[in-house]
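Observations on chain architecture
What follows is the residue order along each chain.
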Amino acid sequence: MTVTHPSTADSVESPAGRRRGAEVARVLVALALAWLVPLAAHPLRLDALLPLLVLAGTMAIQRGATGLVDRFVVACAQLFGAACVFGLGTTLWPGHLHPTLVTGVALSVLVIIAGATGRMRFDVRHLRKIRRPADILLAVAVAGVSLVALVPYAARDLGGRLGLPLAGEDIARHYLLYDAIGRTGGYLFMRPSALRPYVPDEELNGIANYPQGLHFAYAVLGRFVSSTTGDISADAAVDVMMWLLIGTFLLLALAVLWAVRRLAGPGTSPARLLPVLLLAGAWLVLGDPVTVLSRGYPNELAGLACAAVLTAIVVRPLTRVGEQTATVALLLVGLSFSYPLFLPFGGLAALWWIRRARLWRFWWGWLTAALVALVAAVGPLTAATASSGSQLLLNGTARVVDRPATVGLLVLAVVAVLVRRGLRAPSHRAALFALAVAAGMAGGLGLYQTVTLGHPVYYFDKLLHLLIVVCLCALGGLVRFAPGLGVALRVAVALPIVAALAVAGGEWHTAPVAPGVKLALGKDRGSPEAARDALLMTRMFPGGGAVSVDLMGSPWRNWSATLGAAALQHNYRYFPAWSGLLYPGAAGRASTMDDLDRLVRESPVPVRFFVHDPEASLLVVDGSNPRRPNVKPGQPLPVAFGDPAAPTNVAAARALAAKYPTKVQVVYATPANP
């Protein structure tokens, strides 16, 4: 009989204990590295690489998504929703948006999740799935769409890029939010007083409570870029935002094409998938989705991307219930914090999956639902605070959606779901439900607006954008159509649809060439002259000590440039008073020299008038009976838009400078594009 001394038995560690000890050691080392790496990167000005490190870490701990593309899309979706939640805490802590602090927290959370779920080791066998033919075809399709979308922006200078959305005016307020969040370090709806120096009092509530999840994400990424380049000028900030806007569209394109491939099924051959990706990709860069980019609606792009990913994983869920639940929850948060108009679609789609997964059987399912409902309520509640009772009836500057093309796409999507007894598959029933919800929301709002106003307006087109994205996702079912057709015949069937989409656009598909073709050919220019004027005024006078008023050129150019400069110079607070005088549309007024004098006299800050063209004019002699040039509808307004008997812009600016020498400055600028 062998007797073992107690101290000897205690000193012999079991294999399981050694594995636990090694696992704890790995977690501790990883936690240390989570802070040491960003601490080392900051003095080396490598902060711009840190978001990629966080993304790679998020991809590494995925288990419910297979393949590199799957992991990338799911990780992006999860990180956006997590960033929206992260912003709630960031707003309150003293470090705000410092890259080291943000990265350290993000990597620490990833390490803790990996340690708690036993995912500290990355199985290299997962990399074998990267070479799947369908994934390679998807990567090629995304690269093609990215190339087509990027060329019109890469070929333009900063003024040309900014000029595209500046014609729609909303981009100025998006920049204002992005810039103010970067300066103050958090959500403005949590402390609207931080926004007060930048906006007029009457607009404070509306702007401070606008959904800000994407602006927060942009501000965080912008801080990483500025820490690397060392450039914090307004030019650099707006350039970063423009490229982030373009990147958001590319992520939307990736999300839609990935959803197409996912809904097509795991066993789909590249030959069957190719024409469907061709059709979906062409619709993205030629049709209405690209107008969301060119008109400058970053929040809507993010909301559409979240809706596409949500549609894909509701139709074909991830293989791990826990990851599926977390991803659905974060996507709902992302919808809430970016574009709450799409949240009802997301909620109903999530309920379909919850019913299918019987999530109510688990206590943590109820807890997750309660937490998601609490956090996701932030977006609608703040939006309601910022909105009027008739918000859904307001008009806007969005391009009107091509009605016939959208109906045709809906028919194709329904056929894709129903073809070859498709409803026998749970995934196709889920896809049909998503289509019905998106179509029902658009149809219901359109009917309400028609009854109230006589015709559909702005938000109806926004819901049509959602319907288009869901329909494009559902096209994955077309791979089941005519299984005997070869790849050449399948492409031959898709090409006429692409051609029909490319040759016309507009509300009734009657305007020559599609919106994306106009963008690629340079026919859709926006207002690059105004953007360059705004950048010029900001470079000459970066500070916000005076309001800059553009009187250099034609009316629309002057108005848009003054708006852009107000945002870039942090003077938007003083813009509304000048908007009415400069605005040449139906909502503007014909102003006299007395009106201009009054604005200068009542301005709380000095006024800088920028002048260049001696023929430029906007004033009239009699505001109630203005004499202005007759301009046919759709034609550009002339530089000499004012009454010939009234002072020109140069003469008016000089007269006011002589009258108010300490308050008015006349700047004889030389714009890049006179």
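Definitions and limits used
- Residues numbered from 1 in each chain as written.
- Predicted model: local features only at pLDDT ≥ 70, side-chain atom pairs only at ≥ 80, totals over all residues.
- Heavy atoms only, no water.
- Helix = DSSP H or I, 4+ residues; strand = E, 2+ residues; numbered from the N terminus.
- Rg over C-alpha atoms; globule rule 2.2 N^0.38 Å.
- Buried < 20%, exposed > 50% of the residue type's maximum accessible area, 1.4 Å probe, protein only.
- Areas by Shrake-Rupley, 256 points an atom, 1.4 Å probe, with all protein chains shown as cover.
- Lys, Arg positive; Asp, Glu negative; His and termini not counted.
- Charge placed at Lys NZ, Arg CZ, Asp CG, Glu CD.
- Pairing = 2+ DSSP bridges.
- Right-handed = clockwise from strand over helix to strand, strands pointing away.
- Axes fitted to C-alpha atoms, helices over the stretch in contact; angles between N-to-C directions.
- Contact = heavy atoms within 4.5 Å.
- Parallel < 35°, antiparallel > 145°, perpendicular 65-115°, else oblique.
- Left-handed = near helix turned anticlockwise from the far one by under 90°.
- Nonpolar A, V, L, I, M, F, W, Y, C, P; charged D, E, K, R; others polar.
- Patch = residues over 30% accessible without salt bridge, like charges linked within 9 Å, V, L, I, M, F, W, Y side chains within 5 Å.
- Salt bridge = Lys/Arg side-chain N within 4 Å of Asp/Glu carboxyl O.
- Expected span 1.5 Å × (residues − 1).
- Polar contact = N/O pair within 3.5 Å; in protein donor to acceptor, adjacent residues only side chain to side chain.

On to the overall build of the protein. Assigned secondary structure in the protein consists of 28 helices and five strands. By the compact-globule yardstick of 26 Å for 674 residues, the protein fits well, its C-alpha radius of gyration being 28 Å. Dimensions along the principal axes, computed over C-alpha positions, put the protein at roughly 115 × 65 × 45 Å. Every one of the 674 residues in the protein was classed for burial, and the buried ones make up 53%. Accessible area of the protein: about 28600 Å², with a carbon and sulfur share of 66%. On the protein, the mean spot of the 57 positive side-chain charges and the mean spot of the 35 negative ones are 14 Å from each other.

Before going further, it helps to spend a moment on the pairing of strand β4 (residues 607–611). Burial analysis of β4 places five of its five residues in the buried class, the great majority of the element. Of the two faces of β4, the one carrying V607, F609 and V611 and the one carrying R608 and F610 are both buried. Two elements, strand β3 (residues 547–550) and β4, share four bridges in a ladder whose sense is parallel. Its bridge partner lying in β4, S548 is registered against R608. Sheet topology places β4 next to strand β5 (residues 664–668); five bridges connect them, and they run parallel. From the neighbouring strand, V607 faces β5, where its bridge partner is V664. This β-α-β element, β4 to helix α28 (residues 649–659) to β5, shows right-handed connectivity.

With that settled, the discussion passes to the sheet that holds β3. Across the sheet, which stays open at both edges, the three strands sit in the order β3-β4-β5 with parallel pairing between neighbours. Sheet topology places β3 and β5 at the edges, where each strand pairs with a single neighbour. Pairs of neighbouring strands in the sheet enclose a mean axial angle of 25°, with direction left out of account. Together, β3 and β4 form the strand contacts of helix α26 (residues 575–582), whose direction differs from that of β3 by roughly 15°.

Before going further, it helps to spend a moment on the packing of helix α7 (residues 158–166) against helix α11 (residues 234–264). The geometry of α7 relative to α11 is characterised by a closest axis approach of 10 Å and an angle of 60° between their N-to-C directions. Classed by the angle they form, the pair α7 and α11 counts as oblique. Here the hand of the crossing between α7 and α11 comes out left-handed. Residues L158, R161, L162 and P165 of α7 form the contact with α11, whose own contacting residues are D235, V238, D239, M242, W243 and I246. The residue makeup of the contact of α7 with α11, split by class, is seven nonpolar, no polar and three charged.

Okay, a nonpolar patch on the surface next. On the surface, V29, L33, W35, L36, V37, L39 and L53 cluster together to form a nonpolar patch covering roughly 600 Å² of accessible area. Per-element tally for the nonpolar patch: the top contributor is helix α2 (residues 15–41), with six residues. In this structure, L39 sits in helix α2.

The subject of this paragraph is helix α21 (residues 458–474). Helix length check: α21 (17 residues) gives 25 Å between terminal C-alpha atoms against 24 Å at 1.5 Å per residue, within 8%. Within α21, 17 of the 17 residues are buried, leaving the element largely enclosed by the surrounding structure.

Let us look at the environment of R525. With respect to the secondary-structure elements, R525 resides in the loop between α23 (515–521) and α24 (528–540). Owing to a relative accessible area of 38%, R525 belongs among the partly exposed residues under this scheme. For the pair formed by R525 and P152, sequence separation is 373 residues and the distance between their alpha carbons is 9.9 Å. Setting aside its immediate chain neighbours within four residues, R525 contacts R156, G163 and L164. Separated by 2.8 Å, the side chains of R525 and E529 make a polar contact.

Tallied over the entire structure, the rule returns 21 salt bridges. The salt bridge partner of D597 is R601, with a shortest N-O separation of 2.6 Å. Residue D597 and its partner R601 are located together in helix α27 (residues 593–602), separated by four residues, close to a single helical turn. By relative accessible area, D597 is classed as buried at 9%. Here R601 falls in the partly exposed class, since its relative accessible area comes to 46%. Between K659 and D597 there is a salt bridge, with its nearest N and O atoms 2.8 Å apart. Residue K659 is found in helix α28, and its partner D597 is found in helix α27; the two are separated by 62 residues along the sequence. A single network of salt bridges, built from pairs that share partners, joins D70, D135 and R261.

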